[in-house]
Amino acid sequence: MESEQISLSEASMSEIDRELAKYPPDRRQSALLAALRIAQDEHGWLRPELIEHVADIIRVPAIRAHEVASFYSMYDLEPVGRHKIEVCTNISCMLRGCDKIVAHLKDVLGVDINQTTEDGRFTLKEVECLAACAGAPAMQVGHDYYEELTAEKVDRILEGLQ
Amino acid sequence: MSRQRDRSLIAERFGTVRQAASVCLPDPSVKTPWKLETYRAGGGYTALEKVLSGQIPHADIIETLKLSNLRGRGGAGFPVGVKWSFMPRSSDVQKYVVCNSDEGEPGTCKDRDIMRLNPHALIEGMAIGGYVMGATIGYNYIRGEFREPYDVMEEAVREAREAGFLGKNVCRSGFDFDLHNCLGAGAYICGEETALLNSLEGKKGEPRFKPPFPAAYGLYGKPTTINNTESYASVPAILRADGNWLDGQWFRGLGVENSGGVKIFSVTGHVNRPGNYEIRMGTPFRDLLDMAGGVWKGRRLKAVIPGGSSVPVMPAESILKANMDYDSLQQHGSAVGAGSVIVMDETTDMVGILERIALFYYEESCGQCTPCREGTGWLYRIIRRINSGRGSMEDLDTLLDVANRIEGRTICALGDAAAWPVQSFLRHFRHEFEDKIAMDRANAA
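Residues numbered from 1 in each chain as written. Chains lettered and ligands numbered in written order. Predicted model: local features only at pLDDT ≥ 70, side-chain atom pairs only at ≥ 80, totals over all residues. Heavy atoms only, no water.

Considerations on the overall build of chain B
Okay, step 1: From N to C terminus, chain B includes 18 helices and 9 strands.
Okay, step 2: On C-alpha atoms alone, chain B measures out to a radius of gyration of 22 Å, which is about the 22 Å that the 2.2 N^0.38 rule sets for 445 residues.
Okay, step 3: With the principal axes as the frame, chain B shows a C-alpha extent of 80 × 45 × 45 Å.
Okay, step 4: Burial analysis of chain B (445 residues in total) assigns 62% to the buried set.
Okay, step 5: In chain B, the proportion of contacts linking residues at least 24 apart, taken out of those at least 6 apart, comes to 70%.
Okay, step 6: Roughly 16,100 Å² of accessible area belongs to chain B as shown, and the carbon and sulfur atoms make up 48% of that amount. (Helix = DSSP H or I, 4+ residues; strand = E, 2+ residues; numbered from the N terminus. Rg over C-alpha atoms; globule rule 2.2 N^0.38 Å. Buried < 20%, exposed > 50% of the residue type's maximum accessible area, 1.4 Å probe, protein only. Contact = heavy atoms within 4.5 Å. Areas by Shrake-Rupley, 256 points an atom, 1.4 Å probe, with all protein chains shown as cover.)

Looking at the overall build of chain A
Okay, step 1: Within chain A one finds 7 helices and 5 strands.
Okay, step 2: Counting from the amino terminus, chain A carries its helices and strands in the arrangement α-α-α-α-β-α-α-β-β-β-β-α.
Okay, step 3: For chain A, the spread of C-alpha atoms along the three principal axes comes to 50 × 35 × 25 Å.
Okay, step 4: Expressed as a percentage of its 162 residues, the buried residues of chain A come to 53%.
Okay, step 5: Of the contacts formed within chain A by residues at least 6 apart in sequence, a portion of 60% connects residues at least 24 apart.
Okay, step 6: Placing the 17 positive and 29 negative side-chain charges of chain A at their respective mean positions leaves the two points 5 Å apart. (Lys, Arg positive; Asp, Glu negative; His and termini not counted. Charge placed at Lys NZ, Arg CZ, Asp CG, Glu CD.)

Observations regarding the interface of chain B and chain A
Often the size quoted for an interface is simply the accessible area lost on bringing the parts together.
Okay, step 1: At the junction of the two partners, chain B supplies 60 residues and chain A supplies 39 residues.
Okay, step 2: For the interface between chain B and chain A, the tally reads 3 salt bridges.
Okay, step 3: E147 of chain A is the partner of R112 of chain B in a salt bridge, and the nearest nitrogen-oxygen pair spans 2.6 Å.
Okay, step 4: Linking chain B with chain A are 23 residue pairs in polar contact (both at pLDDT 80 or more). (Salt bridge = Lys/Arg side-chain N within 4 Å of Asp/Glu carboxyl O. Polar contact = N/O pair within 3.5 Å; in protein donor to acceptor, adjacent residues only side chain to side chain.)

Points about the pairing of strand β1 (residues 96-101) of chain B
Okay, step 1: Burial analysis of β1 of chain B places 6 of its 6 residues in the buried class, the great majority of the element.
Okay, step 2: The alternating pattern of β1 of chain B places Y96, V98 and N100 of chain B and V97, C99 and S101 of chain B on opposite faces, both of which are buried.

Here's the deal with the sheet that holds strand β2 (residues 137-142) of chain B
Residues and elements named next belong to chain B.
Okay, step 1: One open sheet holds the 4 strands; their spatial order is β3-β2-β1-β4, and the pairing between them is parallel. Each end of this open sheet is capped by a strand with a single partner; those strands are β3 (178-183) and β4 (224-228). Between one strand axis and the next, the sheet turns through 20° on average, direction left out of account.
Okay, step 2: Set on the sheet, helix α7 (residues 119-133) makes contact with β1, β2, β3 and β4; between it and β1 the angle comes to about 150°.
Okay, step 3: Here helix α10 (residues 229-240) sits on the sheet in contact with β1 and β4, set at roughly 90° to β4. (Pairing = 2+ DSSP bridges. Axes fitted to C-alpha atoms, helices over the stretch in contact; angles between N-to-C directions.)

Some points on the pattern of salt bridges
Side chains that differ in sign of charge can pair as their charged atoms come close.
Okay, step 1: Considering all chains together, one arrives at 35 salt bridges over all chains under this definition.
Okay, step 2: A salt bridge links E19 of chain A to K22 of chain A; its shortest N-O distance comes to 3.3 Å.
Okay, step 3: Among the salt bridges present, the one from R161 of chain B reaches D178 of chain B, with a minimum N-O distance of 3.0 Å. Of the two residues, R161 of chain B sits in helix α8 (residues 147-162) while D178 of chain B sits in strand β3, which places them 17 residues apart along the sequence.
Okay, step 4: Residue D178 of chain B is classed as partly exposed on the basis of its relative accessible area of 22%.
Okay, step 5: Taken together, the shared-partner salt bridges in this structure form one network comprising K83, E192, E193 and K210 of chain B.

Re the nonpolar core
Okay, step 1: By size, the foremost hydrophobic cluster in this structure holds 84 residues, and its most contacted members are Y72 of chain A together with Y139 of chain B.
Okay, step 2: Counting residues per element, this core draws most heavily on helix α18 (residues 414-444) of chain B, which supplies 10 residues.
Okay, step 3: Excluding its chain neighbours within four sequence positions, the residues that come into contact with Y72 of chain A are L33 of chain A together with Y141, A185, G186, A187, C190, S199, K203, K204 and G205 of chain B.
Okay, step 4: One finds C93 and A131 of chain A together with I114 and W250 of chain B within the second-largest nonpolar core, a separate group that totals 70 residues. (Core = buried A, V, L, I, M, F, W, Y, C linked by side-chain atoms within 4.5 Å.)

Observations concerning α18 of chain B
Okay, step 1: In this model, α18 of chain B (31 residues) spans only 37 Å end to end at C-alpha, well below the 45 Å of a helix rising 1.5 Å per residue.
Okay, step 2: Along α18 of chain B, the largest kink reaches about 85° and is centred on F429 of chain B. (Expected span 1.5 Å × (residues − 1). Bend = angle between axes of the 7 residues up to and from the residue.)

Regarding the domain arrangement of chain A
Okay, step 1: For chain A, the assigned domains are domain 1 (10-71) and domain 2 (83-159).
Okay, step 2: One C-alpha centre belongs to domain 1 of chain A, the other to domain 2 of chain A; they are set 29 Å apart. (Domains from an automatic or database assignment.)

A look at the environment of E278 of chain B
Residues and elements named next belong to chain B.
Okay, step 1: Within the secondary structure layout, E278 lies in strand β6 (residues 275-280).
Okay, step 2: Looking at E278, the relative accessible area reads 1%, which means it is buried.
Okay, step 3: For the pair E278 and L25, spaced 253 residues apart in the sequence, the C-alpha separation amounts to 7.0 Å.
Okay, step 4: Of note is the side chain of E278, whose polar atom sits 2.8 Å from the backbone nitrogen of C24.
Okay, step 5: A polar atom in the side chain of E278 sits 3.1 Å from the backbone nitrogen of L25.

Description of the pairing of β4 of chain B
Okay, step 1: In terms of burial, β4 of chain B is largely enclosed, as 5 of its 5 residues are buried.
Okay, step 2: Residues T224, I226 and N228 of chain B of β4 of chain B are buried on one face, and the alternating residues T225 and N227 of chain B, pointing to the opposite face, are buried as well.

A short note on the packing of helix α6 (residues 98-109) of chain A against helix α7 (residues 151-159) of chain A
Residues and elements named next belong to chain A.
Okay, step 1: Contact geometry for α6 and α7: axes closest at 10 Å, N-to-C directions at 45°. It follows from the interaxial angle that α6 and α7 lie oblique. Our pair here, α6 against α7, has a crossing hand that is right-handed. Facing I101, H104, L105, V108 and L109 of α6, the residues of α7 in contact are A151, V154, D155 and L158.
Okay, step 2: Of the residues contributing to the contact of α6 with α7, the split by class is 7 nonpolar, 1 polar and 1 charged. (Parallel < 35°, antiparallel > 145°, perpendicular 65-115°, else oblique. Left-handed = near helix turned anticlockwise from the far one by under 90°. Nonpolar A, V, L, I, M, F, W, Y, C, P; charged D, E, K, R; others polar.)

Focus: helix α3 (residues 48-58) of chain A
Residue and element names in this part refer to chain A.
Okay, step 1: Buried residues of α3: L50, I51, V54, A55, I57 and I58, and no others. The buried side chains of α3 occupy one side of the element, clustering within an arc of 160° when seen end-on.
Okay, step 2: Taken together, the buried residues of α3 touch α1 (10-20), α2 (32-43) and α4 (62-71).
Okay, step 3: R59 sits one or two positions beyond α3 and adopts a positive phi of about 65°. (Arc of directions from axis to C-beta.)

As structure tokens, then:
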């Protein structure tokens, strides 16, 4: 079934090398978090074979990579849309009306939390405190933060994400 | 491109908020404070140069920090100079300095702005720490979501390396120190220092038993000191002491007894002007609230969580009498924590707030210790039951019972942090929980 060869691009491999260089040569596992992140950035999500491929690159047993991949919240172990929208719903954002932002996003995208739009464009998620509390309500889309959100601002942001 | 414009806007937002001295947040009149040349023009890296000149015994630097009364800004408030003195400087094993930039305590957003606006202060502080503690490598562990601060830090490290402030033979002193920025991957628990070390080793972020403490057995089992971003970034200004080199009294005098210096308070929630305010320790809460534009919509103050979601909530009448320092907040029943001041107006539903806090700790418990793993789930489910109209009065006693059974029975402080909000919300706002339960019962009947 899985005839597809899992691999990482040269760019990803050299990025992993740069991460490995930050740590002592006998401490390759330290770069495991980064390597998983780089693999996910390239492939969109971490399928089990990809996690094991990363384990091979870092030279750790596969279980170490699975442990890490399942422990940290930023790793996607299931497919996600092209744009992952994560709305902070913790207290500072809650006090500034994040419920309206979440409701608006559900409405506009036609999905619930943890669902992906049919066209595969957006996945909607809630996230724990993003440490952007002075700019509440806040959300993260991919690597970028958006703050002081209103429904209108959210619409403009969505338009820019194809 | 747009990022740079955004960062200038942050500085503008801080326009009115530095009160006594610019220590961690740059003066808002300074354009592009994140650049090396700007930082240098303001006296940046002169403390590192002075320290490395060989004319100052490292013990004097530790004494200055002790005298300055700089206490750890990550939440625990442990004196930085004392922590640095625990490191076995003269031992020739590899030692490490680590910065905890895993900012994630709900309500806290200061380290993000220190890194975006003043990355070189952090680098200089860590390099000084490396020299004083005999560590040649530093790691700045940045939470995974902070891609922008990470990029800013990476650029600053590159600048510092090119200018000879990092790398081999720093400032031609013979001292080697290199600094690496590392990204986490989404886990509040990694803000706990030993969980952070495990994460740096490429493992699950599960806290370790203490002792042994990191100064004896830290990263890779080697002596390690971990400080918060704001703590390291405060060090260069403290040593410069506004021109009175190594006069710890300067910083100390900006604050009050037991709480030296200025500190950033992140004021968020129901205020007119949320933001980061670098103010004198000991400033009355009333003044801080005024700086933040007061309670929004002309409403009255109901409650404040003064140090991030883990510290006890304070009703308005208590916080309005308190000052923003370690002793005063403690006397009034709470703590400085990470300086994360969450303001709630009179319309706030305290049951809903506590449900959200309980969900957070349930989500973020690492699962290592049974009281925390199971107890945080109990707490959340009971509060959710009450909040959804299906609670009973006995639930309130069960809540306290569960909270009390978590507190003090776990490897790290996350268990305590989950218990304290429950205890304090019920201490001060129990009537709201009781009223809600009674009303829901009456409606059901």
